[in-house]
Each structure stands twice: as structure tokens, then as C-alpha cells.
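# Coordinate analysis (summary)
In case you want the letters, here they are:
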Amino acid sequence: MALRKILTYPEPVLRQKAKKITVFDEELKQLAADLGQTMYDAPGVGLAANQIGVLKQIIVVDVSKSEEDKKFITLINPVISEGEGSVTGEEGCLSVIEYEAKVKRFQKIHVTAQDFDGEPITFDAEDRFARIIQHEVDHLHGKLFIDHLSALKRGLYKKKLKKILKNRL
Ligand SMILES: [Zn+2]
């Protein structure tokens, strides 16, 4: 396993679409392990490959029941095939520094994906789990949670970010 660098907005790779995975090999398992390690190191509760500069459709999502028993799932080529209900909740992103905002998401989703053998998996997710998956799947499409906000709010964040980055120089 290796820690990877998490890229942050406005890094262009975050705006690119990840490609569908067609090769299910050891390298893919290694990538998933790296994503998991990098996510927990951050710390975060989800991570998409785009965020470490890899344009492949793979995400990891934390499903830990407790602090001592860290566990995450890996979703390869995940697709949200159905969504119902809507809930507004606070979101942040490891790639969007120093910002949180309320985002509207489906309350419940149906997910199809593949496992490490390329076998299909399907399941339903709700609430927090569903929110994280929707956020991470967005990343694979080059989308960030700030894209769900009004142009005004997004503009304010861009201004704030400029100041933050300037102060870091
Ligand atoms: Zn994110």
C-alpha cells in the first residue's frame, strides 16, 4: 500500500471523466488499497480515483461501524441506476479545501457496480451511505459538490479560495 497525494480544486484532472475499468487484475486491487489508505490518512469517508490523478472508475467508501474497526468497500464502475426522495445535508470534500455546504441528494439510491473479479454487484443505499456514494460517483464524472450550489455561492468560494492560495505563497 502507498499513500497518494490528494489533488485539490482547481486541478484540471478533477474535471475529467474517469474511464470504465475493463482489466481486473492485481494492480486494480493495489489501487483500491492505496485509495483506502489515502482516504483514512486524510481523514475522509470516501475517495474517488480522480482525486489521486487516476482516471479510472473506482471509488472507496467508508463503512466502519467503529473507530477501531476501519472498513471500506470498493466500487468499480459504479452507476446510480435509481434514486428516490431528497435530503439536504452538509458536505465537504478532500479536494475542495476549507469549505462545507449544504447539498441536496437522493435519500435512497440503487447502485450497480463490479467487484474485483468483474462480477456485478447491486445494492440499495440510504442516507449517509447514499450521500457518500453520490458524491464519489460525481467525481468520476468530473463533477464536484460545489457544482450543486448556486452560482453565487460557488463564486464566493472561488474568491475565498483565491485568498487562501495567495496566503500560502
Ligand atoms: Zn469529494
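Keep in mind it's a predicted model, so treat the numbers as computed, not measured.

The rules we used
Residues numbered from 1 in each chain as written. Predicted model: local features only at pLDDT ≥ 70, side-chain atom pairs only at ≥ 80, totals over all residues. Heavy atoms only, no water. Salt bridge = Lys/Arg side-chain N within 4 Å of Asp/Glu carboxyl O. Helix = DSSP H or I, 4+ residues; strand = E, 2+ residues; numbered from the N terminus. Buried < 20%, exposed > 50% of the residue type's maximum accessible area, 1.4 Å probe, protein only. Patch = residues over 30% accessible without salt bridge, like charges linked within 9 Å, V, L, I, M, F, W, Y side chains within 5 Å. Areas by Shrake-Rupley, 256 points an atom, 1.4 Å probe, with all protein chains shown as cover. Lys, Arg positive; Asp, Glu negative; His and termini not counted. Charge placed at Lys NZ, Arg CZ, Asp CG, Glu CD. Pairing = 2+ DSSP bridges. Axes fitted to C-alpha atoms, helices over the stretch in contact; angles between N-to-C directions. Contact = heavy atoms within 4.5 Å. Expected span 1.5 Å × (residues − 1). Arc of directions from axis to C-beta.

## Observations regarding the pattern of salt bridges
Throughout the structure, instances matching the rule amount to eight salt bridges. Between D34 and R4 there is a salt bridge whose closest N-O contact spans 2.9 Å. Pair noted here: D34 is in helix α1 (residues 26-41) and R4 is in the segment before α1, with a separation of 30 residues, a long-range link. Residue class for D34 comes out buried when judged on its relative accessible area of 3%. For R4, a relative accessible area of 31% corresponds to the partly exposed category. Note that E91 is salt-bridged to R131, the shortest N-O span being 2.7 Å. Pair noted here: E91 is in strand β4 (residues 87-93) and R131 is in helix α2 (residues 127-140), with a separation of 40 residues, a long-range link. Judged by relative accessible area, R131 falls into the buried class, the value being 13%.

## Comments concerning a negative patch on the surface
A surface patch of like charges, here negative, comprises E82, E84, D124, E126 and D127. Considering the arrangement of structural elements, one finds D127 in helix α2.

## Points about the sheet that holds strand β3 (residues 72-84)
Strand order in this open sheet of five strands is β1-β2-β3-β6-β7, and the pairing throughout is antiparallel. Looking at which strands have only one partner, the edges of the open sheet turn out to be β1 (46-48) and β7 (120-126). Adjacent strand axes in the sheet meet at a mean angle of 40°, parallel and antiparallel pairs treated alike. With seven bridges connecting them, strand β6 (residues 108-114) and β7 associate as antiparallel partners. When the sheet's bridge partners are listed, K108 is paired in β7 with E126. Sitting on the sheet, α1 touches β1, β2 (58-62) and β3, and the angle it makes with β2 is about 40°.

## Observations regarding helix α3 (residues 151-168)
The first and last C-alpha atoms of α3 sit 26 Å apart over 18 residues, in line with the 26 Å expected at 1.5 Å per residue. Looking only at α3, the buried set comprises R154, Y157, L161 and I164. Projected onto a plane normal to the axis of α3, the buried residues spread over an arc of 80° and lie on a single side. Among the exposed residues of α3, those oriented more than 90 degrees off its buried face are A151, L152, L156, K159, K162, K163, K166 and N167. The secondary structure elements touched by the buried residues of α3 are β5 (96-105).

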